[in-house]
Amino acid sequence: AIQKTSNPWKKAMVEVKRVLLTGASGYVGQHLIESLSTGTGAGEDLSMMELYCCYNDLSTFEQDMREAFGEEMSLSSDSKPKIRIQVVSGINFADPGYISRITNCCGDRFDCIVHLAALSSPTHCENHPDDAWKINCPVGLLSFKAPIIYLSTDQVYEGLKSFYSESDRTVPVNVYGRTKLAFERVLLRDGGDSSPLLSVDEAREDTERIPRAIEHTAAPNSVCLRSSLILGPPVPLRNGCRKGFDTFIQFISSRLESAAPTVYYTNEYRSVVHIKDVVRAILHFLSIALSNNEQKGSQVYNLGGTTRASRYDIALAVASQLKLDPASANGAERSVTTGGVASPPDISMDVHKLEAELGMAIYGLKQIIENSF
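Definitions and cut-offs
Residues numbered from 1 in each chain as written. Predicted model: local features only at pLDDT ≥ 70, side-chain atom pairs only at ≥ 80, totals over all residues. Heavy atoms only, no water. 1 Å grid on protein atoms, 1.4 Å probe; cavity = no way out; pocket = protein on both sides within 12 Å on 5 of 7 lines; lining within 4 Å. Points joined across faces, edges and corners; volume = space filled by probe spheres on them. Helix = DSSP H or I, 4+ residues; strand = E, 2+ residues; numbered from the N terminus. Nonpolar A, V, L, I, M, F, W, Y, C, P; charged D, E, K, R; others polar. Buried < 20%, exposed > 50% of the residue type's maximum accessible area, 1.4 Å probe, protein only. Contact = heavy atoms within 4.5 Å. Pairing = 2+ DSSP bridges. Phe/Tyr/Trp six-rings, centres within 6.5 Å; stacked < 30°, edge-to-face > 60°. Lys NZ or Arg CZ within 6 Å of the ring centre and 35° of its normal. Expected span 1.5 Å × (residues − 1). Arc of directions from axis to C-beta. Disulfide = S-S within 2.5 Å. pLDDT = per-residue confidence, 0-100. Core = buried A, V, L, I, M, F, W, Y, C linked by side-chain atoms within 4.5 Å. Salt bridge = Lys/Arg side-chain N within 4 Å of Asp/Glu carboxyl O. Lys, Arg positive; Asp, Glu negative; His and termini not counted.

## Topic: empty space enclosed by the protein
So, step 1. A complete count under the given rule lists 2 cavities of 30 Å³ or more for this structure.
So, step 2. In this model, the largest cavity occupies a volume close to 70 Å³.
So, step 3. Along its surface, the largest cavity is lined by Asn-221, Ser-222, Val-223, Phe-285, Ile-288, Lys-296, Gly-297, Gln-299, Tyr-301 and Glu-357.
So, step 4. Mapped onto the lining of the largest cavity, the elements with two or more residues apiece are helix H9 (275–291) and strand E13 (299–303).
So, step 5. Of the residues in the lining of the largest cavity, the class split is 4 nonpolar, 4 polar and 2 charged.

The following block contains the structure:
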């Protein structure tokens, strides 16, 4: 159980690690904070930590955090001090002054950065490409010279085959995928690499927006996690996050319960992943980054579940789990450019590399649904 403490840090005799968490108020951020606060989800002791929870403008977030963790926001698990949290609002990666704001509020030294903040709507990215590039490819973060754990996307793949591996060719078909891939390349390049971040095929019409002058290289133990669509239970904080529904399966259950006719695509496939596995992966790599025991170059991992599933498959699985009539769920094919935004048809992924790294099996669709309701 979480125990609220007045100030256990005065008695601490171990080094306190400093971690910057961006996008802290979002779905993944809230679940990650909960897992850190309870000591669940990580196989290794993450020791004592100062966690700087940065977000842009969710008005309910700070008060919800204080309600959950106390005014001091100093947390312990099983009477052992673990985390001291500082909540920092107004971190907008579209604002050129975001580094100065982080530095002014949090200092300029971090042992690791967990970068979750993103402009993740493909439609919004397509309509606002300048903001998408600023937010999804924040090269300024490298100035802190700390390992970066980066939540990327499966949409770096073109979608013309099944079960992509990390070594397969990347050809994003939309602005969202291109911006996310560009920051992967920022993290993967070494000091002597002067090649373009994206190839001609990868860049498409975004060539002029790709960052040119990158002053710093990524610190050792940086990781790119190519995440699929994330599913799971609601967020732990009382007022939730910005989305109308926490994940796609909450939307599905709402539609099924009201028997509202809803179209679900049958010809788009992804390796949907449970939030628990996402958090486990982040905490695993965070522990490595903070341990200082091993210095690795930047790595890439597919972060998905083990099932190749369409949205219609997911809807039927939710109906089965909740024992609801699936008649209102209508399967239909999606055109390549529905809504004017290109969408990769099959970006299912092979996740064996990540399973081997974590030393555990990742959930498939059945387990995802069972552990979400």
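## Describing the environment of Cys-241
So, step 1. Summarising the element assignment, Cys-241 is placed in the loop between strand E9 (230–231) and helix H8 (248–257).
So, step 2. Judged by its relative accessible area of 12%, Cys-241 falls in the buried class.
So, step 3. When the C-alpha positions of Cys-241 and Ala-24 are compared, they lie 9.9 Å apart, and in sequence the two are 217 residues distant.
So, step 4. When sequence neighbours within four positions are dropped, the list of residues in contact with Cys-241 reads Ser-25, Gly-26, Tyr-27, Gln-30, Leu-58, Val-235 and Asp-246.

## Examining the pairing of strand E10 (residues 262–265)
So, step 1. Along E10, the buried face is formed by Thr-262 and Tyr-264; none of Val-263 and Tyr-265, which line the opposite face, is buried.
So, step 2. Bridge count for E10 against strand E14 (residues 329–332) is 4 bridges, and the pairing is parallel. Following the sheet pairing, Tyr-264 is matched in E14 by Gly-331.

## What about the packing of aromatic side chains?
So, step 1. Following the criterion strictly, the structure yields 9 aromatic pairs and no others.
So, step 2. With centroids separated by 6.1 Å and ring planes inclined at 70 degrees, the aromatic side chains of Phe-248 and Tyr-264 adopt a geometry described as edge-to-face. Of this pair, Phe-248 sits in helix H8 while Tyr-264 sits in strand E10, and the two are 16 residues apart along the sequence. Across the pair, Tyr-264 and Phe-248 agree in class, each one buried.
So, step 3. Sitting above the plane of the Tyr-164 ring, Lys-161 keeps its charged end 5.4 Å from the centroid.

## Digging into helix H10 (residues 311–322)
So, step 1. For H10, with 12 residues, the first-to-last C-alpha span of 17 Å sits near the 16 Å given by 1.5 Å per residue.
So, step 2. Within H10 the residues assigned to the buried category are Ile-314, Ala-315, Val-318 and Ala-319. The buried residues of H10 occupy an angular sector of 135 degrees when projected down its axis, which confines them to one face.
So, step 3. Contacts made by the buried residues of H10 are with E9, H8, E10, E14 and helix H12 (365–370).
So, step 4. Positioned one or two residues after H10, Lys-323 has a phi angle of 55 degrees, which is positive.

## Considering the state of the cysteines
So, step 1. Inspection of every chain in the model, using the stated rule, returns 0 disulfides.
So, step 2. In this structure Cys-54 is not part of a disulfide, and its nearest cysteine sulfur, from Cys-106, lies 4.2 Å away.
So, step 3. The class of Cys-54 is buried, set by a relative accessible area of 1%.

## A look at the confidence of the model for the chain
So, step 1. Here the chain shows a mean pLDDT of 89. Residues at 70 or above account for 89%.
So, step 2. Scored below 50 in pLDDT, residues 1–12 shows 33 contacts in the model against residues more than four places distant or in partner chains.

## Notes on the nonpolar core
So, step 1. Ranked by internal contacts, the top residues of the largest apolar core, which has 48 residues, are Ile-33, Leu-51, Phe-61 and Leu-225.
So, step 2. A per-element tally of this core places H9 first, with 11 residues.
So, step 3. Apart from residues lying up to four places away in sequence, Phe-61 is in contact with Ala-24, Ser-25, Gln-30, Ile-33, Cys-53, Tyr-55, Val-87 and Leu-237.
So, step 4. Judged by nonpolar contacts, the second largest core, of 44 residues, contains Phe-93, Leu-141, Ala-182 and Ile-210.

## Points about the pattern of salt bridges
A side chain of one charge can pair with a side chain of the opposite charge when the charged atoms of the two come close.
So, step 1. Applying the stated criterion across every chain yields a total of 18 salt bridges.
So, step 2. A salt bridge links Glu-202 to Arg-185; its shortest N-O distance comes to 2.7 Å. Of the two residues, Glu-202 is situated in helix H7 (residues 200–203) and Arg-185 in helix H6 (residues 175–188); the sequence distance between them amounts to 17 residues.
So, step 3. One salt bridge connects Arg-209 with Asp-206, and the closest N-O pair in it is separated by 3.3 Å.
So, step 4. One connected set of salt bridges, linked through shared partners, spans Asp-130, Arg-178, Glu-205, Asp-206 and Arg-209.

## What to know about unusual backbone geometry
So, step 1. Here the phi dihedral of Phe-163 falls at roughly 55 degrees; this positive angle occurs in a residue that is not glycine.
So, step 2. Following the sequence through the fold, Phe-163 ends up in the loop between strand E7 (148–153) and H6.
So, step 3. You can call Phe-163 partly exposed: its relative accessible area is 38%.
So, step 4. Positive phi values are uncommon outside glycine, yet Arg-204 reaches one of about 50 degrees.
So, step 5. Its place among the elements puts Arg-204 in the loop between H7 and strand E8 (223–227).

## Considerations on the side chain of Glu-355
So, step 1. Within the element layout of this structure, Glu-355 appears in helix H11 (residues 352–358).
So, step 2. Buried charge without a partner: Glu-355 forms no salt bridge, and the closest opposite charge is Arg-280, 9.5 Å away.
So, step 3. Among all residues touching Glu-355, those that are not within four sequence positions of it are Thr-306, Met-360, Ala-361 and Ile-362.

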